[in-house]
Amino acid sequence: MGGIMQRLAMSIVLFVVLLSSFSGADAWEANYPSGPVRPSTQAPYNQPAIKLRNPPSPSEADRKNLFGTKVGTTEAALAAQDPTFANLFSRRTVAYPSGDGAELGYGWDFLSNQKKLMSCVEFNAVHDDKYQTVDSRIQQTVDEETLDISLNTSFDVSAKATIEVVKASGEAKFSLNASHHMSTSDTTFIAHESATNGIVYAGPKANGILLRSDMAKLAATDGEAFRDKCGDGYVATIGKGADLYVMLHAHDLTTEDKVDLETSAKASAGIGDVFSGGASGSFSTKIDDLIKKHSLDIEFVQQGGIFTTVPTNLDEVRKKVQTFMGEEKDGPRALYVNLIPYSELPNWPALYMLDTSDMRQRATRYFQRLQSILYEVRNMRENYFRDDGVKGDKYLFDYAHQLREDNLGETSDLVRNEMDQVDQLLKILDGPDCKAPPVSGNTPSRRERLRELGTHQKNCEALVSKKVKNDLKNFNDFRFWITLPLPLDGVSEKDLKIITDFSGASGTPLRQRTFAQALYRYWIERTDQVRCRLFFECLGKDEQDQEYTDVVATIVPPTITYNVVPSYVYACAGENPGSCGQPYDQNHLSCDQRDFEARARLFCEKAMDSFRHSWTAFNSRSGNQCGYVDVVFTCYNFTPPFPNGK
């Protein structure tokens, strides 16, 4: 993968990378991962964590052997399909594995999302590539997971499936995501345009598309050996085209800028509002304003197509969008594959098997959410322990409000422990119960094997449910986010004044309530809205109430008390020093130093690391060139001094 980077005079950063992997867009759309990570308490019925996939119309005897009971409600519950998840043993679309390639007919493991190195089906290749399609959109992202899903990144889970070997399969993810870790104090949008240029697909022979006779025989007698060789389905289509991404990363925003940008994005006309030749919408205007303020980085990625230009500024990126279709037509490349399960083939003998795919994808995506928290903690610690004092704060640290104590180290330790729990869950899914061998529906002596499979399903379900409910708290990452300090640009000026009001005018109950509402709006509501739009993971009313209750529970008076201590600096402003008397003659300000606000910043923020200042000038009188005035500068500091060593 080659790339070039140029830093522009107007502080736009462009990364132009010619990729050898996939990135997603709407012209083709990967359907893995899909669905919510966190199970909703609003579900109409309880869903099993581990599904048992049955062949079509299983016999009464097989069902009784599987469930060890009279066929009825127990079986219905075990076989239920969660409607919020795509059935991953049905047809699906994933990224073309560009690292090592794939051909029509190759087998595919639907649980680990990896190809097999052989074809187990008979077919004829058919080309249908005399057309183009194009789609585009802009999506806001709030963490590592939503960034990857906006990039349409698929996930591989290797045979071992421990967290150390869970990885994104496409290098495109690393070209953008590795160079940019999400910070909640920033605002990031992914604009992507995707063009496809036809497909090559597996067509039927005289008798249709069939399993090879030797593989059909193997599936009927040894389901485990068949899955090892052939997986669960085959590559039925390979789609070609090109994908183009532009990451808009806005940083160092004021609260007003941040709200305006996110609001204008929701009201925009999509990608055309930014990249059309005469872009003039509100979102485009905000982007241009951020460039002028040096508050926008742009990363540009194109996969496929014959490059005609390499953009070096935003106007050239806009031109690149306009010429993208022509570039794609001249040089399309493999982007995606469509997979069809063997169960749709006429000579499929059918298998009974455990399906852990839903739980695996939820675990790996939850791990990403935990990674985002660690990145955020790292950003906060870096900002906290800097050298320029409290005036450089990007977060509302505890000494500024004294309503609760921040403990970034404790949160980091808890998140790392949670990651270990995810790793343990993946090991359970790779254990003997959850990876029980499938049983062919055509095996003559299958009674005992079906009973064993049913027992394994119950044991796996119990182990997984216990781990998810008791140790992972149903994949609730919000319980960690709400312990973190708020980004200053995530709090309105009105709320910030109330939260940091030590005068007593606002009162402690109002300050606590305002702080709790700000925490909820930023860490819970903001993320919930994005997750709800992306994959329908939406908090219900009862869940929202519980999350707010959890936020309130974190607001416990800190054990460390920060007292605001004023100190005073006296000065005499006039032509000649020593003309005001003590204590004002301690500092002399000449006639050209009458900007008392600037002097206050020097005396307080620069010299004493104060977080706030005021000044008063009085006793003005004539004399010499500019007259004289007595000045008192009041500097406000915390004790103990910042930082407190957490």
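Residues numbered from 1 in each chain as written. Predicted model: local features only at pLDDT ≥ 70, side-chain atom pairs only at ≥ 80, totals over all residues. Heavy atoms only, no water.

Novice: Honestly, the overall build of the protein in this entry has me stumped. Any pointers?
Specialist: Scanning the protein from N- to C-terminus turns up 18 helices and 24 strands. In the protein, which comprises 646 residues, the proportion classed as buried is 55%. For the protein, the proportion of contacts with a sequence separation of at least 24, taken over those separated by at least 6, is 80%. As displayed, the protein has an accessible area near 27,600 Å², and 51% of this comes from carbon and sulfur atoms. (Helix = DSSP H or I, 4+ residues; strand = E, 2+ residues; numbered from the N terminus. Buried < 20%, exposed > 50% of the residue type's maximum accessible area, 1.4 Å probe, protein only. Contact = heavy atoms within 4.5 Å. Areas by Shrake-Rupley, 256 points an atom, 1.4 Å probe, with all protein chains shown as cover.)

Novice: Would you take a moment to explain the sheet that holds strand 22 (residues 588-589) for this structure?
Specialist: The four strands are arranged 22-21-24-23 in an open sheet whose pairing can be described as mixed. With one partner strand each, in any of the chains shown, strand 22 and strand 23 (612-621) form the two edges of the open sheet. Relative to strand 22, strand 21 (residues 563-573) is paired through two bridges, and the arrangement is parallel. In the strand pairing of strand 22, A573 is matched with L589. Along the sheet, helix 18 (residues 596-608) makes contact with strand 21, strand 22, strand 23 and strand 24 (628-639), crossing strand 24 at roughly 35 degrees. (Pairing = 2+ DSSP bridges. Axes fitted to C-alpha atoms, helices over the stretch in contact; angles between N-to-C directions.)

Novice: How should I be thinking about helix 12 (residues 408-429) in this particular structure?
Specialist: Owing to its 3.6 residues per turn, the α-helix brings residues three or four apart onto one side. With 22 residues, helix 12 ought to run about 32 Å at 1.5 Å a step, and its terminal C-alpha atoms sit 32 Å apart, in line with that. L408, T411, S412, V415, E418, M419, Q421, V422, D423, L425, L426 and L429 are the residues of helix 12 that are buried. (Expected span 1.5 Å × (residues − 1).)

Novice: What's the story with the pattern of salt bridges in this structure? I'm lost.
Specialist: A side chain of one charge can pair with a side chain of the opposite charge when the charged atoms of the two come close. With the rule as written, the count across this model stands at 19 salt bridges. Among the ionic pairs, R227 bridges to D232, the shortest N-O distance being 2.6 Å. What makes D232 buried here is its relative accessible area of 8%. Where salt bridges share partners, they join R369, D477, R531 and E537 into one cluster. (Salt bridge = Lys/Arg side-chain N within 4 Å of Asp/Glu carboxyl O.)

Novice: Please explain the side chain of S412 as it appears in this structure.
Specialist: As for its position among the elements, S412 is in helix 12. A relative accessible area of 13% places S412 in the buried class. In this structure, S412 is in contact with L374 and V377, ignoring residues within four places of it in sequence.

Novice: What should I look at first to understand the packing of helix 11 (residues 357-384) against helix 16 (residues 508-535) in this one?
Specialist: Each pair of packed helices can be described by the angle between their axes along with the distance between the axes. Relative to each other, helix 11 and helix 16 sit at 145 degrees, their axes nearing to 15 Å. Crossing geometry of helix 11 relative to helix 16 is assigned as right-handed. Along the contact surface, helix 11 presents R365, R369, E376 and M380, while helix 16 presents W523, R531 and F535. Among the residues making up the contact of helix 11 with helix 16, the classes are represented as three nonpolar, no polar and four charged. (Left-handed = near helix turned anticlockwise from the far one by under 90°. Nonpolar A, V, L, I, M, F, W, Y, C, P; charged D, E, K, R; others polar.)

Novice: Looking at this structure, I do not really get the environment of N113. What am I missing?
Specialist: Relative to the elements of secondary structure, N113 occurs in the loop between strand 5 (106-109) and strand 6 (114-119). For the pair N113 and Q361, spaced 248 residues apart in sequence, the C-alpha to C-alpha distance is 10.0 Å. Side chain to side chain, N113 and R92 meet in a polar contact 2.9 Å long. (Polar contact = N/O pair within 3.5 Å; in protein donor to acceptor, adjacent residues only side chain to side chain.)

Novice: Help me understand the state of the cysteines in this model?
Specialist: Put plainly, a disulfide is one covalent bond tying together the sulfur atoms of two cysteines. Evaluated as defined, the whole model comprises six disulfides. Between C532 and C538 runs a disulfide, and the two sulfur atoms are separated by 1.8 Å. Between C532 and C538, the S-S torsion sits near 85 degrees, and that sign places the bridge as right-handed. One disulfide in the model links C604 with C635; its S-S distance is 1.9 Å. Disulfide C604-C635: torsion about the S-S bond near -70 degrees, hence left-handed. Linking C604 in helix 18 with C635 in strand 24, this pair joins segments that are 31 residues apart in sequence. (Disulfide = S-S within 2.5 Å.)

Novice: Explanation requested: the environment of Y234 in the structure shown.
Specialist: The topology assignment puts Y234 in strand 14 (residues 233-250). What makes Y234 buried here is its relative accessible area of 2%. For the pair Y234 and C120, spaced 114 residues apart in the sequence, the C-alpha separation amounts to 7.9 Å. Those residues within four positions of Y234 in sequence are excluded, and the remaining contacts are G105, Y106, G107, V121, A202, I209, N338, L339, I340, Y342 and L345.

Novice: It is not clear to me how the sheet that holds strand 17 (residues 351-355) should be interpreted in this structure. Could you clarify?
Specialist: Neighbouring strands of a sheet are bound in pairs by backbone hydrogen bonds; such pairs are parallel or else antiparallel. Overall, antiparallel pairing links the three strands, which are arranged 3-17-19 in an open sheet. If you trace the sheet from one side to the other, it starts and ends with strand 3 (51-53) and strand 19 (439-440), each paired once. One ladder, built from three bridges, connects strand 3 with strand 17; its direction is antiparallel. Bridge pairing in strand 17 places L52 opposite L354.

Novice: Before we go on, may I ask you to explain the confidence of the model for the protein in this structure?
Specialist: Low pLDDT marks stretches whose predicted atomic positions should not be read closely. Taken over all residues, the pLDDT of the protein has a mean of 77, while the share at 70 or more is 76%. Mean pLDDT across the secondary structure elements of the protein bottoms out at strand 2 (residues 13-18), with 29, and peaks at helix 14 (residues 478-481), with 96. Per-residue pLDDT stays below 50 along residues 1-27; that stretch engages in 112 contacts with residues further than four places along the chain or on separate chains. A low-confidence stretch, residues 155-180 stays under pLDDT 50, and its non-local contacts, those more than four residues away or across chains, total 81 contacts. (pLDDT = per-residue confidence, 0-100.)

Novice: Got a minute to help me understand the nonpolar core in this structure?
Specialist: A general trend in soluble globular proteins is that nonpolar side chains are found buried together. Residues M359, L425, V464, L486 and W523 are the most contacted members of the largest nonpolar core, which totals 62 residues. Those elements that provide at least two residues to this core are strand 17, helix 11, strand 18 (395-396), helix 12, helix 13 (447-471), helix 14, helix 15 (493-499) and helix 16. Among the elements that line this core, the one with the most residues is helix 11, at ten residues. Excluding its chain neighbours within four sequence positions, the residues that come into contact with M359 are A49, I50, L425, L429, V464, V468 and F475. Within the second largest apolar cluster, 33 residues are counted, among which are V121, I209, A216 and Y342. (Core = buried A, V, L, I, M, F, W, Y, C linked by side-chain atoms within 4.5 Å.)

Novice: I tried to follow the packing of aromatic side chains on my own but got confused; where do I start?
Specialist: Both the distance between ring centres and the angle between the ring planes are used here to describe each pair of aromatic rings. Within this structure, the stated rule accounts for 16 aromatic pairs. Considering the side-chain rings of F596 and W615, the 5.4 Å spacing of their centres and the 65 degrees angle between planes classify their relative orientation as edge-to-face. Taken together, the residues F596 in helix 18 and W615 in strand 23 connect sequence positions 19 residues apart. Between the aromatic rings of F603 and F633, the centroid separation amounts to 5.1 Å while the plane-to-plane angle is 50 degrees, which identifies the pairing as tilted. Of this pair, F603 sits in helix 18 while F633 is found in strand 24, placing the two residues 30 residues apart along the sequence. An identical accessibility class is assigned to F603 and F633; each is buried. (Phe/Tyr/Trp six-rings, centres within 6.5 Å; stacked < 30°, edge-to-face > 60°.)

Novice: Explain unusual backbone geometry here, please?
Specialist: Working note: non-glycine residues mostly have negative phi, and peptide bonds are mostly trans. A cis geometry characterises the amide bond from Q582 onward to P583, with omega recorded as 5 degrees. When you line up the elements, P583 lands in the loop between strand 21 and strand 22. Backbone geometry places Q402, a non-glycine residue, at a positive phi of 60 degrees. By secondary structure assignment, the location of Q402 is in the loop between strand 18 and helix 12. Overall, Q402 belongs to the buried group, its relative accessible area being 18%. Phi is positive for D609, close to 55 degrees, though the residue is something other than glycine.

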